[in-house]
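Structural description and commentary
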Amino acid sequence: VSARAPAMRAVAARAFGGGTLGLAIRTAIALAGAALVGGLAVRLAGQPPIETLRAIIDAAVGDSYALQSTLLTAVPITAAALGVAIAYRAGLFNLGGDGQIYMGALGAVLVALAGEGLPQAVLLPAVLLAGAAGGLVWGAVAGALRARLGLSELISTIMLNFIAFWIVSYLVRGPIEDPLGGGYPYTREIPAAAQLGSVGGTVPVGWVIVAGMALVLWLAMERTRAGRHVKDIGEAEPAARFAGIRVELYMFGLLALAGALAGLGGAAELSGNQLRLSDFFSPNWGFDAVAVALIGRGSPIGTLAAGFFFAALRSGVEGAQGTANVPVSVAQVVQGVAVLFLIIANADVVVRALRRIRLRRSAAEAV
Amino acid sequence: VSALVDIAGTAALYGAAVRLATPIFLASLGEVVAERAGLVNVGLEGMMLCGAFGGVAGSDLGGVGAGIVLGVLCGVLVAVLQSVSSITLGADQIVVGIALNITAIGVTSFLARTIWTDGNVPQVAHLNPVGVPLLDDIPFLGGVLFRQNPLVYAAGALAVAGWWVLTRTGWGLRVRACGEDPRSADSLGIPVIRLRWESMLICGALAGLGGVFLSLGELFTFSDAMSGGRGFIALAVVIVARWSPVRAVLGALLFGLCEAIAFRVQAEGVDVPYELMLALPYVVTLLVYAGVVGRTVPPAALGRNYVRR
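A short tour of the structure in this document, coming up. (Residues numbered from 1 in each chain as written. Chains lettered and ligands numbered in written order. Predicted model: local features only at pLDDT ≥ 70, side-chain atom pairs only at ≥ 80, totals over all residues. Heavy atoms only, no water.)

1. Looking at the overall build of chain A
- A tally of regular secondary structure across chain A gives 15 helices and 2 strands.
- For 367 residues, the compact-globule estimate of 2.2 N^0.38 gives 21 Å, and chain A sits close to it at 22 Å.
- Based on the C-alpha atoms only, the size of chain A along its principal axes is roughly 80 × 60 × 35 Å.
- Within chain A, the fraction of its 367 residues that count as buried is 53%.
- In chain A, of all internal contacts separated by at least 6 residues, the share reaching a separation of at least 24 is 76%.
- Summed over its atoms, the accessible surface of chain A is roughly 15800 Å², and 65% of this surface lies on carbon and sulfur atoms.
- When the 26 positive and 20 negative side-chain charges of chain A are each reduced to one mean point, those points stand 16 Å apart. (Helix = DSSP H or I, 4+ residues; strand = E, 2+ residues; numbered from the N terminus. Rg over C-alpha atoms; globule rule 2.2 N^0.38 Å. Buried < 20%, exposed > 50% of the residue type's maximum accessible area, 1.4 Å probe, protein only. Contact = heavy atoms within 4.5 Å. Areas by Shrake-Rupley, 256 points an atom, 1.4 Å probe, with all protein chains shown as cover. Lys, Arg positive; Asp, Glu negative; His and termini not counted. Charge placed at Lys NZ, Arg CZ, Asp CG, Glu CD.)

Following this line, the structure appears as structure tokens:
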């Protein structure tokens, strides 16, 4: 014990200070706190926490079928979250994932239904591109409003969410409603040539695309000048402006790109999972995406990991319904609380207070 | 078109507009107080949602009065979390607000499914219209303004009170000082942190009351995410109203009117897609906001945390 004690103390001291390790430890503590809240919620719902957790893990990653449904859940959430993450690096809050997913899925379903009879090699890429284009348009509206007029994207993206939802709701109850749907508000099923399969029966192609996007975005953020500029804007906008970076152009471009990513996610969800567009297509994925991006701290790789983690949680809770009856919203609770705890753990005053404790302790040791 | 003109002439439309404007106004008033103190409160939506939930839970337990009290307390609870995180601990106000919105959706949905079996939230005792004697007999105007539920009248009184407190009292002056230049305010002996806490708690109470209005005054029950973006509309109203409680009444009325038109069109079966009409309040919010932005001057220290040195 005595031999390990100094090392342990060093780790504790790091947790109280700045640096990557401190950050990692504070993050772990915050996530553990969120898990604790989740356990309390499970108790509140009258279920035994440990058995429930086991059932959730089983249903999330227990076998290849479970893993597949986790990855399918991760596709739209992670795609939209990547968009939130890159915009966040420039200090922008894209709360419009939901509307962008709906517009993307709308673009995708229109192309898929119009292109019936085309070969897969033509139709499938067209469907995915149409999805990205639909989301891009919706993100670009928020981007233009922000860049040209200075409209807060916090408010405009929320308004655009509701506008997109009602447009889709109108279309799937009228012009593009399935004539054989018996009055249900959804479109016809897209043709087989427009459907995304999976790799080896387990890993959905949509997720592979999303993971590839994360990698590309990570490279762009870390290895290109544009990535450097985005981070400059996020860290000190006036300085970036003074240095000649075209801040407005970046803001417009980032929100448009964020929309395109979410739209692509919507298209991948449509052609890889739901196969029809309805007005219950997205169960508020836009907000899940924000939580995932914040937990991933705006890093594309971190976001990919956080997206997998929370998709596993959601898919696990859903899959465990038979054995452990816990409301699915418990996943949302844990997600929201995790964000909150992470912010608190990394808040100015907390970090500074912890650093003071550390300094006092090392001073005491010196004596 | 003639059907639309028919609707436009009825007292019922404008009465509904006043009613639908009330929750947005209450939240806006709270946000005006918070922003005047220098606090951006994106968590307004979550406060309204929790207020709506608390209203139904309280009303189910002990009637409308209990619902109002519990709903307001729920709004205040969210405000406490916002205050601890951002005012006391210095976390980014906007990120905290977003986190609280996400958490609020999850927690209310979870509790609704835990308290009521399978999430079958009952219809609860709710607010009923009460006519104001004599005034409700005035032709047209009586139907618009004086046959409303008691919270509408309370909101009217709160508008005047809010204006009075912010512009005519020492407390209001000190709050505004916190929003313009907290360091100078501090050097003059004004307790910035305490005043910001007070403003945020008032904001939580008012947004909670707005939420209660949504559930007990309009829907009579709770459904997931039922605040429907109204907290964000209220944020836009605050900007459009240039941080004035009285102008916030006008802003809220505009959005109330849009909602009222949408519902009327739906109810009367006018040959306009009602889904597109339901998008109207959000479209108008965007347009009006785009029309005024850049020509308004927010409190100078808005959104910036104050740390004492």
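2. Focus: the overall build of chain B
- Along the backbone of chain B there are 13 helices and 2 strands.
- For 309 residues, the compact-globule estimate of 2.2 N^0.38 gives 19 Å, and chain B sits close to it at 19 Å.
- In terms of overall dimensions, chain B has C-alpha extents of about 65 × 45 × 40 Å along its principal axes.
- For chain B, the residues scored as buried account for 55% of the 309 residues in total.
- At a minimum sequence separation of 6, the contacts of chain B that also span at least 24 residues come to 76%.
- About 11900 Å² of surface is accessible on chain B, with carbon and sulfur atoms providing 66% of the total.

3. Some thoughts on the side chain of Asn161(A)
All names here are of chain A.
- Its place among the elements puts Asn161 in helix α7 (residues 153-172).
- With a relative accessible area of 10%, Asn161 lands in the buried category.
- Residue contacts for Asn161: discarding those within four places in its chain leaves Leu95, Gly96, Gly97, Asp98, Gly99 and Trp138.

4. Points about the interface of chain A and chain B
- The partner chain B presents 43 residues to the 45 residues of chain A that form the contact.
- Of the roughly 3800 Å² buried where chain A meets chain B, counting both sides, 84% is carbon and sulfur surface.
- On the chain A side of the interface with chain B, the three residues burying the most area are Ile155(A), Met159(A) and Trp166(A), jointly 17% of the side's total.
- Summed over the shared surface of chain A and chain B, the result is 1 salt bridge.
- With a closest N to O distance of 3.9 Å, Glu275(B) and Arg173(A) form a salt bridge.
- Summed over the shared surface of chain A and chain B, the result is 5 residue pairs in polar contact (both at pLDDT 80 or more).
- Mapped onto the side of chain A that touches chain B, the elements with two or more residues apiece are α2 (19-44), α6 (120-149), α7, α12 (285-295), α14 (329-345) and α15 (348-366) of chain A.
- Considering every element that reaches the side of chain A that touches chain B, the biggest residue donor is α7(A), with 12 residues. (Buried area = accessible area lost by both parts, 1.4 Å probe. Salt bridge = Lys/Arg side-chain N within 4 Å of Asp/Glu carboxyl O. Polar contact = N/O pair within 3.5 Å; in protein donor to acceptor, adjacent residues only side chain to side chain.)

5. Looking at the nonpolar core
- Of all hydrophobic cores here, the largest spans 212 residues; its most connected members are Leu277(A) and Ile98(B).
- Counting residues per element, this core draws most heavily on helix α2 (residues 11-36) of chain B, which supplies 14 residues.
- With residues near it in sequence (within four places) discarded, Ile98(B) still touches Phe93(A), Leu95(A), Leu154(A), Val290(A), Leu294(A) and Val42(B). (Core = buried A, V, L, I, M, F, W, Y, C linked by side-chain atoms within 4.5 Å.)

6. As for a nonpolar patch on the surface
All names here are of chain B.
- Side chains of Leu135, Ile138, Leu141 and Leu145 sit close together on the surface and give an oily, nonpolar patch of about 290 Å² of accessible area.
- With respect to the helices, strands and loops of the structure, Leu135 is situated in the loop between β1 (130-131) and α5 (141-145).
- With a relative accessible area of 36%, Leu135 lands in the partly exposed category. (Patch = residues over 30% accessible without salt bridge, like charges linked within 9 Å, V, L, I, M, F, W, Y side chains within 5 Å.)

7. Quick word on unusual backbone geometry
- A positive phi angle, close to 65 degrees, is found at Leu275(A), a residue other than glycine.
- Among the secondary structure elements, Leu275(A) is positioned in the loop between α11 (247-274) and α12.
- Positive phi values are uncommon outside glycine, yet Phe140(B) reaches one of about 60 degrees.

So far we have only geometry, and geometry alone does not tell us how the molecule works.
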